[in-house]
Amino acid sequence: MKFGVVGDVHANLESLTAVVDVLINKEKVDRIFCLGDIVGYNANPGECIDLLRKHEAVCISGNHDRFVAGEIDAVIRPETRHVVEFTRKVLTKEQMEFIAGLPEENIFEENFLFVHGSPRHKDEYINSLQ
């Protein structure tokens, strides 16, 4: 099986569309996996959700997805808070339910562990090899 992996889309429809086009039409992947942060920062969160769903991508949640779903109510930067509020206003009920229902990880065929952060913590940043 050949698969493609995307992540940190952050509602950037133009980039996601270009990448999905390459994965589907050029690379001929069998499955797309999305490592979270479908929403956040850019203008097209709903359209990005719909595009991934159209291609039956296997998605997990990222911290921005969980901000929008209300799971995380951490202290975040004002501009991030503004984006969260915008996203909540523009998503349909179905899109919100999709975001809220995303799992934290996906184990695929018992060989691959897909996470947003690290295996230790769903939001851990890995900034070095040590």
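For the structure itself, look to the data block above.
This structure is a prediction, so every number in the text was calculated from the model and none was measured.

K.L.:
Pulling in residues and values, what's your account of the side chain of D37?
P.N.:
Among the secondary structure elements, D37 is positioned in the loop between β2 (31-34) and α2 (45-54). Within the structure, D37 has its side chain in polar contact with the backbone nitrogen of H64 (distance 2.8 Å).

K.L.:
Please give an account of the packing of α2 against helix α5 (residues 93-100) that cites residues and values.
P.N.:
Axis separation between α2 and α5 bottoms out at 10 Å; the angle between their running directions is 70°. In this view, α2 runs roughly perpendicular relative to α5, as classed from their interaxial angle. Here α2 and α5 pass one another in a crossing that is left-handed. Each of G46, I49, D50 and R53 in α2 lies in contact with α5, whose residues at this interface are E94, Q95, F98 and I99. Here the residues of the contact of α2 with α5 sort into three nonpolar, two polar and three charged.

K.L.:
So what's going on with the nonpolar core? Which residues, and what values?
P.N.:
I38, L52, C59 and I99 are the most contacted members of the largest nonpolar core, which totals 24 residues. Those elements that provide at least two residues to this core are α1 (13-26), β2, α2, α3 (63-69) and α5.

K.L.:
Summarise the pairing of strand β1 (residues 3-6); cite the residues concerned and give the values.
P.N.:
Residues of β1 alternate between two faces, with G4 and V6 buried on one and F3 and V5 left unburied on the opposite face. Sheet topology note: the β1/β2 ladder contains four bridges and is parallel. Of the residues in β2, the one forming a bridge with V5 is F33. Once you follow β1 into α1 and on to β2, the crossover reads as right-handed.

K.L.:
How would you explain the environment of N44 if you had to name every residue and give the values?
P.N.:
Turning to its location among the elements, N44 is positioned in the loop between β2 and α2. Put simply, N44 and L13 are 31 residues apart on the chain and 5.8 Å apart in space, counted from C-alpha to C-alpha. Other than its neighbours up to four places away in sequence, N44 contacts A11, L13 and E14.

K.L.:
Account for α2, with residues named and values stated.
P.N.:
Every buried residue belonging to α2 is among P45, G46, C48, I49, L51 and L52, and all of these are buried. Close packing links the buried residues of α2 with β1, α1, β2, β3 (58-59), α4 (78-90) and α5. Phi for E56, located one or two positions after α2, is positive at around 55°.

Basis of the calculations
Residues numbered from 1 in each chain as written. Predicted model: local features only at pLDDT ≥ 70, side-chain atom pairs only at ≥ 80, totals over all residues. Heavy atoms only, no water. Helix = DSSP H or I, 4+ residues; strand = E, 2+ residues; numbered from the N terminus. Polar contact = N/O pair within 3.5 Å; in protein donor to acceptor, adjacent residues only side chain to side chain. Axes fitted to C-alpha atoms, helices over the stretch in contact; angles between N-to-C directions. Parallel < 35°, antiparallel > 145°, perpendicular 65-115°, else oblique. Left-handed = near helix turned anticlockwise from the far one by under 90°. Contact = heavy atoms within 4.5 Å. Nonpolar A, V, L, I, M, F, W, Y, C, P; charged D, E, K, R; others polar. Core = buried A, V, L, I, M, F, W, Y, C linked by side-chain atoms within 4.5 Å. Buried < 20%, exposed > 50% of the residue type's maximum accessible area, 1.4 Å probe, protein only. Pairing = 2+ DSSP bridges. Right-handed = clockwise from strand over helix to strand, strands pointing away.

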